[in-house]
Amino acid sequence: MKGKFISFEGSDGAGKTSVLRAIRADLEKQLGAAAVMYTREPGGDHISEQIRQILMDSKNTAMDARTEALLFAAARRQHVVADLKPALAAGKVILCDRYVDSSIAYQGAARHLGEQEVWQINQFAIDGLMPELTIYLDIPTELGLKRIATHRTDEVNRLDKEQLDFYHAVRHSYLRLAEKEPARIKTIDASQSLDQVIADVKAAMHAKFTDLFANEF
Ligand code: TYD
C-alpha cells in the first residue's frame, strides 16, 4: 500500500483552517475516517507537541531566529518519523497543515535567515520526504491581515508596518516556491468565497490523484 502526502500552506488569514476542516470532513466521508490522517506542524506525536509548546510560548520573546528555525526543523523531523512515514506505509491520505515550505517562507524569507540556508537544515530533518502535492492558499497580504485583525484602527503605526513587511515576505516566498515547483505546488486564489476555495482545492486534489473526490467530478 502506498499513501498520499498532501500539505497545505498559506499566510495567516488565508482561511487554511476552515478549508482544511471541510476537505477533511468530505474526504473522510468518501474514504472512511481510518483512511485519512489530519495532522499539523509544528506538532504530531507527544515529542513534537512539546517542541510546539516551546515555539508557541509567548514568554519566549528572547528566542533567536536560528533557534526558532532549528526547533521547527526538529519538530518536523520527529513528525516525519513518528507520524508521517507510518501513515504513508499504512496507505493513508495525509492532510498536513504546513510542512517545509512554511519554514522557507517564515524563517528563510520573513525572518531573513535565507531560504537556501533554511532549506538545507530542513533537508537534514526530512531526509527526502516531500509531499506529492502542496496546496498553497494565496491571499493579498492586506486582505489576509484584515481578516485576522480583531480590532483595527486606520492609524499606520510601526507595528503595522512591520507586520505588513513580514507577511509580504512570506507571501512572495510562497509565490516564488510555487513558480519554481509547479508540478508539486498548486496555487489557489483564497480571496474567493470559502465554497469556491474548497471547490478549487478539491479540483486540484482530484487532478493529482483521480481517486480523490472521484464522486464529485
Ligand atoms: P498555528 O497556530 O498552527 O497557525 P496557522 O493556523 O496559521 O497554521 O501556528 C503556526 C504558526 O507557526 C504560523 O504563524 C506559521 C508558523 N510556522 C513557522 O514560522 N515555520 C514553520 O515551519 C511552521 C510549520 C509554522
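Structure first, text after, so check above.
Residues numbered from 1 in each chain as written. Predicted model: local features only at pLDDT ≥ 70, side-chain atom pairs only at ≥ 80, totals over all residues. Heavy atoms only, no water.

Draft legend 1. Structural view of the site of the ligand. Close contacts around the ligand come from 14 residues, with Lys 16, Arg 76, Arg 98, Ser 103 and Gln 107 the closest. Between an oxygen atom of the ligand and a side-chain N or O atom of Arg 98, the distance comes to 2.6 Å. Compared with its free state, where it exposes 540 Å², the ligand has 79% of that area covered by protein. When contributions to the shell around the ligand are tallied by element, the ones reaching two or more residues are helix H1 (16–31), helix H2 (46–56), helix H3 (65–89) and helix H4 (100–110). Top contributing element to the shell around the ligand by residue count: H4, with four residues. When its residues are assigned to classes, the shell around the ligand shows four nonpolar, four polar and six charged. (Near = heavy atom within 4 Å. Polar contact = N/O pair within 3.5 Å; in protein donor to acceptor, adjacent residues only side chain to side chain. Areas by Shrake-Rupley, 256 points an atom, 1.4 Å probe, with all protein chains shown as cover. Helix = DSSP H or I, 4+ residues; strand = E, 2+ residues; numbered from the N terminus. Nonpolar A, V, L, I, M, F, W, Y, C, P; charged D, E, K, R; others polar.)

Draft legend 2. Region of the structure containing the packing of H3 against H4. At a closest axis distance of 11 Å, the pairing of H3 and H4 adopts a crossing angle of 175°. The angle between H3 and H4 places the two elements in the roughly antiparallel class. Here Glu 68, Ala 69, Phe 72 and Arg 76 of H3 come into contact with H4, specifically with Val 100, Ser 103 and Gln 107. (Axes fitted to C-alpha atoms, helices over the stretch in contact; angles between N-to-C directions. Parallel < 35°, antiparallel > 145°, perpendicular 65-115°, else oblique. Contact = heavy atoms within 4.5 Å.)

Draft legend 3. The arrangement of the sheet that holds strand E2 (residues 36–40) in detail. Read across the open sheet, the five strands follow the order E2-E3-E1-E4-E5; overall the sheet is parallel. Across the chains shown, the open sheet's two edge strands, defined by having one partner strand only, are E2 and strand E5 (185–189). The mean inter-strand angle of the sheet, taken between neighbouring strand axes irrespective of direction, is 20°. The sheet contact formed by strand E1 (residues 4–10) and strand E4 (residues 133–138) spans five bridges and is parallel. Residue Ser 7 lies in a different strand from E4, and its bridge partner there is Thr 134. Helix-sheet contacts for H4 involve E1, E4 and E5, and the interaxial angle to E1 is about 25°. Taken strand by strand, helix H8 (residues 194–208) contacts E1, strand E3 (93–97), E4 and E5, and its axis lies near 160° from that of E4. (Pairing = 2+ DSSP bridges.)

Draft legend 4. Representation of the pairing of E4. The buried count for E4 comes to six of six residues, which makes it a mostly enclosed element. Residue alternation in E4 divides its side chains into two sets, Leu 133, Ile 135 and Leu 137 and Thr 134, Tyr 136 and Asp 138, and both sets are buried. As paired elements, E4 and E5 share five bridges and run parallel to each other. Within E5, the position partnered with Asp 138 by the bridge is Asp 189. (Buried < 20%, exposed > 50% of the residue type's maximum accessible area, 1.4 Å probe, protein only.)

Note that all results are geometric; they support no functional claim without further evidence.
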